[in-house]
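Okay, here's what each chain looks like letter by letter:
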Amino acid sequence: MNAEDVLISVLETFNFPVKRQGSLLDNEPYPDNFFTFWNSSSISERFYDNAENTFIYDFDVNFYSNDPAAVYSTLRAAIKKLKAAGFIISGDGHDIASDEKTHDGRGISCVYVEKL
């Protein structure tokens, strides 16, 4: 399973929609609770015999909710599950702007090392 598949499978365990950041249509209402993600970079590392051996993926993961308490508790639970799945996460998250005044958002940056 590649890094994006691992990320999505972990986030889907919360039974909320998981969407690529920015993929909601203009006329599409925000779900009450949902995750978004964005792969901000991927680099090759550890080359052996002139071939890359490892990819390092950097993801932004955000959780939006119309329940301000859920923004914190759900993201903290996601951090635990992502770490258990091998993601490297530093810190407790940061606030994310929301396009809807009914929703708050919180996000994290996480790194995944995929050995080929």
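Residues numbered from 1 in each chain as written. Predicted model: local features only at pLDDT ≥ 70, side-chain atom pairs only at ≥ 80, totals over all residues. Heavy atoms only, no water.

Observations regarding the overall build of the protein chain
Part 1 of the reasoning: Assigned secondary structure in the protein chain consists of two helices and six strands.
Part 2 of the reasoning: Written out in order from the N terminus, the α and β elements of the protein chain read α-β-β-β-α-β-β-β.
Part 3 of the reasoning: In terms of overall dimensions, the protein chain has a C-alpha envelope of 55 × 30 × 20 Å along the principal axes.
Part 4 of the reasoning: Looking at the 116 residues of the protein chain, the share that counts as buried comes to 34%.
Part 5 of the reasoning: Taking as baseline every contact in the protein chain between residues at least 6 positions apart, the subset at least 24 positions apart corresponds to 59%.
Part 6 of the reasoning: Split by element, the accessible area of the protein chain, about 6800 Å² in all, is 48% carbon and sulfur.
Part 7 of the reasoning: Placing the 10 positive and 18 negative side-chain charges of the protein chain at their respective mean positions leaves the two points 8 Å apart. (Helix = DSSP H or I, 4+ residues; strand = E, 2+ residues; numbered from the N terminus. Buried < 20%, exposed > 50% of the residue type's maximum accessible area, 1.4 Å probe, protein only. Contact = heavy atoms within 4.5 Å. Areas by Shrake-Rupley, 256 points an atom, 1.4 Å probe, with all protein chains shown as cover. Lys, Arg positive; Asp, Glu negative; His and termini not counted. Charge placed at Lys NZ, Arg CZ, Asp CG, Glu CD.)

What about the pattern of salt bridges?
Part 1 of the reasoning: Applying the stated criterion across every chain yields a total of four salt bridges.
Part 2 of the reasoning: In this structure, Lys19 and Glu28 form a salt bridge, with 3.7 Å as the shortest nitrogen-oxygen distance.
Part 3 of the reasoning: Of the residues examined, Glu28 reaches a relative accessible area of 28% and is grouped as partly exposed.
Part 4 of the reasoning: For the salt bridge of Asp92 with Arg76, the shortest nitrogen-to-oxygen distance reads 2.7 Å. Taken together, the residues span a long stretch of sequence, with Asp92 in the loop between β4 (88-89) and β5 (94-96) and Arg76 in helix α2 (residues 68-84) at a distance of 16 residues.
Part 5 of the reasoning: For Arg76, a relative accessible area of 40% gives the class partly exposed. (Salt bridge = Lys/Arg side-chain N within 4 Å of Asp/Glu carboxyl O.)

Things to note about α2
Part 1 of the reasoning: The terminal C-alpha atoms of α2 lie 25 Å apart, and with 17 residues this matches the ideal 24 Å at 1.5 Å per residue to within 8%.
Part 2 of the reasoning: Burial in α2 covers these residues: Ala70, Val71, Thr74, Leu75, Ala78, Ile79 and Leu82. Angular distribution of buried residues about the axis of α2 spans 165°; they occupy a single face of the element. Along α2, the residues that are exposed and aim more than 90 degrees away from the buried face are Ala69, Lys80 and Ala84.
Part 3 of the reasoning: Put simply, Asp67 is the residue that caps the front of α2, since its side-chain oxygen is 3.1 Å from the backbone nitrogen of Ala69.
Part 4 of the reasoning: Within two residues after α2, Gly86 carries a phi angle of roughly 105°, on the positive side. (Expected span 1.5 Å × (residues − 1). Arc of directions from axis to C-beta. Polar contact = N/O pair within 3.5 Å; in protein donor to acceptor, adjacent residues only side chain to side chain.)

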